[in-house]
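The residues making up each chain are set out below.
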Amino acid sequence: MPRHSSAVYRRRRLVTLIAAVLIVAVIGGAVWLLVARPWASAAEATPSPSASASGSPTPDATASDAPADESASPEPSADETPGIVACEAKDVEVAAVTDADSYQPGVLPQLSISLTNRGSTDCAIDVGSTTQRMTVSSGTDVWWTSTDCQENPSSMVATLTAGTTVTSKVPVTWDRTRSSVETCADENRPRAPGGGASYHVAVEIGGFKGTTTKQILLY
């Protein structure tokens, strides 16, 4: 068998080395795609920034009510309309509103606030969650207060149009348990008795309290 020259062996080694380099390059490129593509996909899937919802609830028309997060646009504030004066107690009527008068077992009461301007002129009122409070009582026993576990309260001045009534858009849910600032994270808070037990809902907003309460029955 003829003996090849050293030059032939060098060419063969060179060809083998080039093939090995190409294989490593292909494998390396595939690994890079596997690692980099998920990041590219994440970037492509990222939605464009949009306006965030307001942290202050706003009722239908011009005022806000319950301490729950929802977005809406109030009427121009007193700062934007200097001619509008602050609401006075004699002109503002505040009332508790519920979605029913009685609740069967397991059904949770939905609580809202109604505001009426009995005056002859528009007025400005702070309807932010810092001024809102709902209380559920049975006799003299206070069972639940909306501010006990409230998070990030805020202020929002809105215009209450003369002669109109506005009610909160999104109600606050009472989970039929006893609330306190110490038990907000407790999943086993005492549950309110049912069987036709009577409870009264009291509300206040913007420094004005409701003159009456709303009775509900729990079964």
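Quick caveat, the model's predicted, so the values are computed rather than measured.

Scoring rules and cut-offs
Residues numbered from 1 in each chain as written. Predicted model: local features only at pLDDT ≥ 70, side-chain atom pairs only at ≥ 80, totals over all residues. Heavy atoms only, no water. Helix = DSSP H or I, 4+ residues; strand = E, 2+ residues; numbered from the N terminus. Buried < 20%, exposed > 50% of the residue type's maximum accessible area, 1.4 Å probe, protein only. Salt bridge = Lys/Arg side-chain N within 4 Å of Asp/Glu carboxyl O.

1. Comments concerning the environment of Ile113
Link 1 in the chain: For Ile113, the location among the structural elements is in strand E4 (residues 110-117).
Link 2 in the chain: By relative accessible area, which is 1% here, Ile113 ends up buried.
Link 3 in the chain: Placed 91 residues apart in sequence, Ile113 and Glu204 show a C-alpha to C-alpha distance of 8.0 Å.

2. Quick look at the environment of Met156
Link 1 in the chain: Topologically, Met156 is positioned in the loop between strand E7 (141-145) and strand E8 (157-160).
Link 2 in the chain: Between the C-alpha atoms of Met156 and Val127, which are 29 residues apart in sequence, the distance is 5.6 Å.

3. What about the pattern of salt bridges?
Link 1 in the chain: For the structure shown, the criterion picks out six salt bridges.
Link 2 in the chain: Arg118 is paired through a salt bridge with Glu93; the nearest N and O atoms lie 3.2 Å apart. Separated by 25 residues along the polypeptide, Arg118 in the loop between E4 and strand E5 (123-126) and Glu93 in strand E2 (residues 92-98) bring together distant segments of the chain.
Link 3 in the chain: Since its relative accessible area comes to 54%, Arg118 is described here as exposed.
Link 4 in the chain: Look at Glu93 and you get partly exposed, because its relative accessible area is 34%.
Link 5 in the chain: Asp175 is paired through a salt bridge with Arg189; the nearest N and O atoms lie 3.1 Å apart. Highlighted residues: Asp175 in the loop between strand E10 (172-173) and strand E11 (197-205) and Arg189 in the loop between E10 and E11, separated in sequence by 14 residues.
Link 6 in the chain: For Asp175, a relative accessible area of 27% corresponds to the partly exposed category.
Link 7 in the chain: Through salt bridges that share partners, Glu88, Lys90 and Asp91 make up one connected network.

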